[in-house]
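Next come the chains, spelled out residue by residue.
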Amino acid sequence: MAIERALEGVGGFLDDRFRGAKGFRTLFKKVFPDHWTFLLGEIALYSFIILLLTGTFLTFFFQPSMTGVIYHGSYTHLDGVRMSEAYASTLNISFDVRGGLLMRQIHHWAADLFMAAIFAHMLRIFFTGAYRKPREVNWLIGIVLLTLGMLEGLFGYSLPDDLLSGAGLRILEGVIQSIPIVGTYLAFFLFGGAFPGHLIIPRLYILHVLLVPGLFLALITAHLFIMFHQKHTQMPGKGRTDQNVVGAPTYPYFMAKTGAFFFFTFGALSLASTFAQINPVWLYGPYTPVAMSAGSQPDFYMGMLEGALRVMVPWEWNVAGHTFSFNVFLPALVPLGIIFTAAALWPFIEQWITGDKREHHVNDRPRNAPTRTALGMAVITFYGVLWLEGANDLLAEHFDVGLYTTTRIAQVAMFVAPVLAYILTKRICLGLQRKDNHLLEHGVETGVIRQLPSGEFVEITRPVSEEAHAVLASRKPPPGRPALDSADDNGIPAPESGGALGKVRARLNTILNEGAELPASNGHANGHGNGNGHGGPGGGQGQPSHATVQAGTTQSDGTLESGGADSSPAGGGSGNGAGHDGPDQ
């Protein structure tokens, strides 16, 4: 009672001055849907928090200076070696600061997990169509966060000034110099003169610990506030509509779950950092422009750029005294630039093609958008081919294949593999749609075989559950577009329904909305529909029974934020007790 009175007094004190009670009540009642894929965004958020915590610890001991010193620290293998203060302080953190090596490793593993979670989170959003209206702005914020994450990772692992990170900076300098006309000036501006200079580490340090984290904090905060305001998307299921959210409230369920998940993430990173070594800079030695370590590999999220540089054919132009190094400029900036630009514009391109301006709060199943899913898999395959090519020297060594053979394979695969992935993925999605239609129309096979008086053997089926029915029936017909050269009753043509542009939109709309034909009964079939679970229309043979299931009200493990779930009276179906009308979704 004393604790409750104390809390009540503090709450009253704060509410009298800041009027926060109403806001907190709204926050605590906020409903969050539950699905494992939603944890991907939480992993990214918690990894970022861990990055801030461990990064703050490391800044106490790191010296962002390229001033040369002679090392006499605990790592005797480098005793007496000349190196920069940045590299020496990194060795000091690793071997002389209590807990320093663990913090370094947690920081690096958290950075990799952060990028992996963002990649996975963005893919989940794309494949489920969660970027559609009204969430286009949050989708753009996500792409900016992904881009900043790649830059922040590059700046971060370049700070120790070891041989591996120095090689990465050398590549960065070459990429900047490959920019036509202004590349040389930009490289001199960044490095403060000829490579490597004495300014690049301090400048990267400011970018890494101040500017980019500030942008991250601002964008993540905006991302979360927009998500909170627009409400979270939810996966298709019983009672889930665009007008409600089925899930659990923030307090106490979501707060307890998400708090525990933060510690799970921290624990997993700590375990990985304890038992799995990452970035042992003491083995590489200090950076020197005349040396290169064998088998150099960047962190995984930069592997695609590395592979693009390795797969590109030699191509240079010399025009009026200017060298155009297309063999560096194109692979470094064009492939990823095209992917990110296309991803940013995709919500608007799709809306233009389909004419769908509705709000979407229930996600698609990837199989229900075959073209979108196939395009996504094609891009992933293209990315994967170049990512593997980034390690072509290691692949050649471990698989005993010629180095140039791996490059030739990648040069062909980067064009052929995405096309095959597109075709295969689309065929799989259409096949899964037909399977769903079969389950809706005929039910689930029970394994029970029955012999009819005529001697025919049939298998008895049973209807799918109401929850499964809601998921299977979630595919809706696409919004209709005006037919080509169509006109209303007054003879006025529909806007943009004619001409070359109208034909292009119509064709793209057909491709984008391609899918298996929706079942005529919309999933309200009754087993096999004829009393014996197998025959054609009309009464069947045997002893038909009538199964009626009353559609229940919304089932959830929490409360509905807004609106109620649709329910409808059940229909009757016949077919040896297996006939059944699913709930109307």
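Anyway, here's the lowdown on the structure attached to this text. (Residues numbered from 1 in each chain as written. Predicted model: local features only at pLDDT ≥ 70, side-chain atom pairs only at ≥ 80, totals over all residues. Heavy atoms only, no water.)

### Remarks on the overall build of the chain
- Of the regular secondary structure elements, the chain holds 18 helices and 10 strands.
- Buried positions account for 44% of the 585 residues belonging to the chain.
- With an accessible surface of roughly 30,200 Å², the chain has 66% of that area assigned to carbon and sulfur atoms. (Helix = DSSP H or I, 4+ residues; strand = E, 2+ residues; numbered from the N terminus. Buried < 20%, exposed > 50% of the residue type's maximum accessible area, 1.4 Å probe, protein only. Areas by Shrake-Rupley, 256 points an atom, 1.4 Å probe, with all protein chains shown as cover.)

### Remarks on the pattern of salt bridges
- Going through the model one piece at a time under the given rule, you end up with 14 salt bridges.
- The partner of D364 in a salt bridge is R132, and the shortest N-O contact between them spans 3.1 Å. You can see D364 sitting in the loop between α13 (326-354) and α14 (370-389) and its partner R132 sitting in the loop between α5 (100-128) and α6 (136-158), a full 232 residues away along the chain.
- With relative accessibility at 11%, the residue R132 sits in the buried group.
- Linking R372 and E350 is a salt bridge whose minimum nitrogen-to-oxygen distance equals 3.6 Å. Taken together, the residues span a long stretch of sequence, with R372 in helix α14 and E350 in helix α13 at a distance of 22 residues. Both residues of the pair, R372 and E350, count as buried.
- One network of salt bridges, in which partners are shared, links R132, E350, D364 and R372. (Salt bridge = Lys/Arg side-chain N within 4 Å of Asp/Glu carboxyl O.)

### So, a nonpolar patch on the surface
- There is a patch of nonpolar side chains on the surface, built from F24, L27, F28, Y251 and M255 and spanning about 480 Å² of accessible area.
- Per-element tally for the nonpolar patch: the top contributor is helix α2 (residues 21-29), with 3 residues. (Patch = residues over 30% accessible without salt bridge, like charges linked within 9 Å, V, L, I, M, F, W, Y side chains within 5 Å.)

### Structural notes on the environment of M103
- Relative to the helices and strands, M103 resides in helix α5.
- M103 gets classed as partly exposed once you look at its relative accessible area, which sits at 26%.
- In sequence terms M103 and S273 are 170 residues apart; their C-alpha atoms lie 8.3 Å from each other.
- Ignoring any residue separated from it by four or fewer positions in sequence, one finds M103 in contact with T54, F57 and L58. (Contact = heavy atoms within 4.5 Å.)

### Side note on the nonpolar core
- One finds F114, M150, F216 and M304 to be the most contacted residues of the largest nonpolar core, which totals 74 residues.
- The greatest single-element share of this core, amounting to 12 residues, is contributed by α5.
- In terms of nonpolar packing, the next biggest core, distinct from the first, is built from 9 residues, Y75, M83, A88 and W282 among them. (Core = buried A, V, L, I, M, F, W, Y, C linked by side-chain atoms within 4.5 Å.)

### Notes on the layout of surface pockets
- Each pocket or cavity is described by its volume, and for the largest pocket that value is around 1,300 Å³.
- Lining the largest pocket are 49 residues, with L154, Y157, L172, M302 and L305 sitting closest to its centre.
- Going through the elements one at a time, α5, α6, α7 (163-177), α8 (183-191), α9 (200-230), α12 (303-311) and α13 are the ones with two or more residues in the lining of the largest pocket.
- With 8 residues, the top contributor of residues to the lining of the largest pocket is α7.
- Here the lining of the largest pocket is built from residues that sort into 34 nonpolar, 10 polar and 5 charged. (1 Å grid on protein atoms, 1.4 Å probe; cavity = no way out; pocket = protein on both sides within 12 Å on 5 of 7 lines; lining within 4 Å. Points joined across faces, edges and corners; volume = space filled by probe spheres on them. Nonpolar A, V, L, I, M, F, W, Y, C, P; charged D, E, K, R; others polar.)

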